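# Structural features, examined
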Amino acid sequence: LKGPSCSDQVVIWRACKPASPFKDSLSVDLSTMGEEEGDWNVTLEEWLLAEGHCVAGALASVTDGVMYAAAPVAAEEGWSLLFKESYKQMLAQEDGTEKEETIDESAILKTVAEGKRPAQGLWIAGEKYTLTRQEEDDIDGSPIKVAVAGRPKKGVVIYITAIGTVMIGMFDETKNASQTMGNCRKCVHAFCEYMMSIGF
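Overview of the structure. (Residues numbered from 1 in each chain as written. Predicted model: local features only at pLDDT ≥ 70, side-chain atom pairs only at ≥ 80, totals over all residues. Heavy atoms only, no water.)

Read from one edge of the open sheet, seven strands run E2-E1-E9-E8-E7-E6-E5, paired in antiparallel fashion. In this open sheet, the two strands that pair with only one neighbour each are strand E2 (67–71) and strand E5 (122–124). Sheet twist, expressed as the mean angle between neighbouring strand axes with direction ignored, is 25°. Of the strands in this sheet, strand E1 (56–61), E2, E5, strand E6 (127–139), strand E7 (142–151), strand E8 (154–161) and strand E9 (165–172) touch helix H5 (residues 105–113), which is tilted by about 130° from E5. (Pairing = 2+ DSSP bridges. Helix = DSSP H or I, 4+ residues; strand = E, 2+ residues; numbered from the N terminus. Axes fitted to C-alpha atoms, helices over the stretch in contact; angles between N-to-C directions. Contact = heavy atoms within 4.5 Å.)

Here it is in structure tokens:
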């Protein structure tokens, strides 16, 4: 049986929207809260992957850009699609030459989450993405940052809440025709609404 859609899930949690236990906090250690509130990996699968509009999803903190949850969970596929440990890469320089540089994907994600453009570009799981949009928005009056990036046939949508939660949804048009930037963004947006409603 097919689970509820992104929009259906929003209606469900709004019907019994919980008061946030962190509404007066300035910051929350999300990586440790994951252990108390349940498995963030499963939460990602339910909100971002169940409907088939995203091929992968992850959660990170704006503090350091380090991901602490990823989906799909099976065979750690989410991690392989969204993250690669620091590595060397030849990058084009302004003078037309190439230079070997160290790519730290967590540091790059932190830069993007802060609303800045990383000098090396956006790298995810060893692949370079072109940032096409970085903008500010709001959900129920609370400010959020949004970044959209793509490469041929795939891309990512990144939402960042005021409290520092970073949500990443990835789509891949070669995996499913419904995986488009628009559909991916709808799911990440709905997930962001939910996360903000419980204090993240």
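Take the packing of aromatic side chains next. Overall, the coordinates contain five aromatic pairs when judged by the stated rule. Relative to Tyr-194, the ring of Trp-47 lies with its centre 4.8 Å away and its plane at 20°, an arrangement referred to as stacked. Within this pair, whereas Trp-47 is found in helix H3 (residues 40–49), its partner Tyr-194 is found in helix H6 (residues 181–197), the two being separated by 147 residues in sequence. The interplanar angle of 75° and the centroid separation of 6.4 Å between the aromatic rings of Tyr-87 and Trp-123 together place this pair among those described as edge-to-face. In this pair, Tyr-87 is assigned in strand E3 (residues 87–92) and Trp-123 in strand E5, connecting sequence segments 36 residues apart. The class of Trp-123 is buried, set by a relative accessible area of 7%. Taken together through their ring pairs, the aromatic side chains of Trp-47, Phe-191 and Tyr-194 make up a single cluster. Over the aromatic face of Tyr-87 sits the side chain of Lys-84, whose NZ or CZ is 4.5 Å from the ring centroid. Just above the ring of Tyr-129 sits the side chain of Arg-151; from NZ or CZ to the centre is 5.8 Å. (Phe/Tyr/Trp six-rings, centres within 6.5 Å; stacked < 30°, edge-to-face > 60°. Buried < 20%, exposed > 50% of the residue type's maximum accessible area, 1.4 Å probe, protein only. Lys NZ or Arg CZ within 6 Å of the ring centre and 35° of its normal.)

Take it as geometry only, folks, not as evidence of what the structure does.
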